[in-house]
Amino acid sequence: MKTRHIVGIVALLASLLAGCAVIPLQGAQEPGKITIAMGFVPNVQFAPMYVALERGYFEEEGIDVTLDYGMETDLLQRVGTGDVRFAVASGDQVILARASDLPVRYFMNWYRRFPVCVVSMADKGITSPEDLVGKTVGIPATEGASYIGWLAFLEQVGISRKDVNLQTIGYTQVSSLVEDRVDAAVCYAMNEPVQLEADGHEINVFYLDEYTNLVSNGLITNAETIGEYPDLVRGVARAFLRGLEDTLDDPDAAFEITREAIPEMEDETAELQREVLGACLDFWRAESPGKSSPEAWEESVDALTTFGLLTEEIEPEFLYTNEFID
């Protein structure tokens, strides 16, 4: 980039599954041998996972981990039906999955800050959100975390959607900005801004977490795994958080482990990727590592409701749990 005997399983399931149907697992792996779906290709931004694996933290918990990469649109469908037990996903994905009656649950917060931003070249003079009115803004797609973050940003700064020309540009933010095809672009905070600055460009950035408090990436599992194997869930969280702590304490060592995990990373790109890892650290640091903020979950549910993405009421407390964070 941990299992013990069950006590009171009926009561536990009742508390976890209120308002959500249980879907029987379909061929999930046996406890102790798990797959974690990463939702992306091998990347330096998974450094804490690579550290935890390399240093044997999962092994100490009795867990054999396989990482499943790929840009999947049905990631939480796979978790909800038990095709895989664990995945890395964002809070908005969990909310929408639960709205579709998938019994998934967010059990460990990873990104304390929501890693979406709006970037413009400095010569555009976009120094306040109001400067975006009448401008053309590029976005990878009108769905997912980037789009939800963008809508929440507009809501908070009081700009109407119709006052900005939003264009879908795929993942071409850097070239679209440099070649002046858009005035600004919705970006991933640890990617495009780092690359643009490394190339010597002066930019202005609005970090969305300064305007809104949405739940970002964390670890997700399904209700049946929580009910039947709570210590497995606790072990996964504990091992990963050790890897995260090591990465924050010694990012250089973490980067070397990451390079071994991604042998295709060439020397000429390593310097930029080390800067990307450095940018990640500020988004991962937390006073209470791993714990979810109830306020952030409430705001996230309210936001998706406001944007018309939820058609029925969802109770935020059923979306996440802090019980597996030591």
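Everything that follows concerns the structure shown earlier in this document.
Heads up: these notes are all about the structure in this document. Just so it is clear, the structure is predicted and the values come from calculations on it, not from any experiment.

On to the layout of surface pockets. Space inside the largest pocket adds up to approximately 1400 Å³. Considering the residues around the largest pocket, the lining is formed by 45 residues, among which M71, Q93, G144, A145 and Y171 are closest to the centre. Those elements that provide at least two residues to the lining of the largest pocket are helix 4 (75-80), strand 3 (86-90), helix 5 (91-99), helix 6 (144-157), helix 7 (173-178), strand 8 (184-188) and helix 8 (192-198). Broken down by class, the residue content of the lining of the largest pocket amounts to 26 nonpolar, 14 polar and 5 charged. The space that makes up the second largest pocket amounts to roughly 190 Å³. Looking at the second largest pocket, it is lined by 14 residues, and the ones nearest its centre are N43, V44, Q45, N191 and Q273. Taken together, the residues that form the lining of the second largest pocket break down as 9 nonpolar, 5 polar and no charged.

This part is about the sheet that holds strand 10 (residues 217-222). Read across the open sheet, the 5 strands follow the order 2-1-3-10-4; overall the sheet is mixed. What marks the edges here is a single partner per strand, and that holds for strand 2 (64-68) and strand 4 (104-109). Neighbour-to-neighbour, the strand axes of this sheet turn through a mean angle of 35°, independent of strand direction. In this sheet, strand 2 lies alongside strand 1 (residues 33-37) in parallel orientation, the contact comprising 5 bridges. Its bridge partner lying in strand 2, I36 is registered against L67.

The subject of this paragraph is empty space enclosed by the protein. Looking at the largest cavity, its volume works out to about 40 Å³. G91, D92, F114, I148, L214, V215, S300 and L304 together form the lining of the largest cavity. Among the secondary structure elements, those contributing two or more residues to the lining of the largest cavity are helix 5 and helix 13 (294-306). Taken together, the residues of the lining of the largest cavity sort by class into 5 nonpolar, 2 polar and 1 charged.

Looking now at the sheet that holds strand 8. A sheet is described by the order of its strands in space; here 5 strands give the open sequence 7-6-8-5-9, paired in mixed fashion. The open sheet has two edge strands, strand 7 (165-168) and strand 9 (203-207), and neither has a second partner. Ignoring strand direction, the axes of neighbouring strands in this sheet form an average angle of 30°. Bridging between strand 6 (residues 136-139) and strand 7 involves 4 bridges; their strand directions are parallel. Bridge pairing links V137 to L166 in strand 7.

We now examine the nonpolar core. Ranked by internal contacts, the top residues of the largest apolar core, which has 59 residues, are I36, F58, F107, M108, W110, V236 and W284. At 8 residues, helix 10 (residues 230-249) tops the list of elements feeding residues into this core. Beyond its immediate sequence surroundings of up to four residues, W110 is in contact with Q45, F46, P48, V88, N217, G218, F240, L244, F283 and W284. Membership of the second largest hydrophobic core comes to 47 residues, among which are A97, F114, V118 and F153.

Cut-off values and rules
- Residues numbered from 1 in each chain as written.
- Predicted model: local features only at pLDDT ≥ 70, side-chain atom pairs only at ≥ 80, totals over all residues.
- Heavy atoms only, no water.
- 1 Å grid on protein atoms, 1.4 Å probe; cavity = no way out; pocket = protein on both sides within 12 Å on 5 of 7 lines; lining within 4 Å.
- Points joined across faces, edges and corners; volume = space filled by probe spheres on them.
- Helix = DSSP H or I, 4+ residues; strand = E, 2+ residues; numbered from the N terminus.
- Nonpolar A, V, L, I, M, F, W, Y, C, P; charged D, E, K, R; others polar.
- Pairing = 2+ DSSP bridges.
- Axes fitted to C-alpha atoms, helices over the stretch in contact; angles between N-to-C directions.
- Core = buried A, V, L, I, M, F, W, Y, C linked by side-chain atoms within 4.5 Å.
- Buried < 20%, exposed > 50% of the residue type's maximum accessible area, 1.4 Å probe, protein only.
- Contact = heavy atoms within 4.5 Å.

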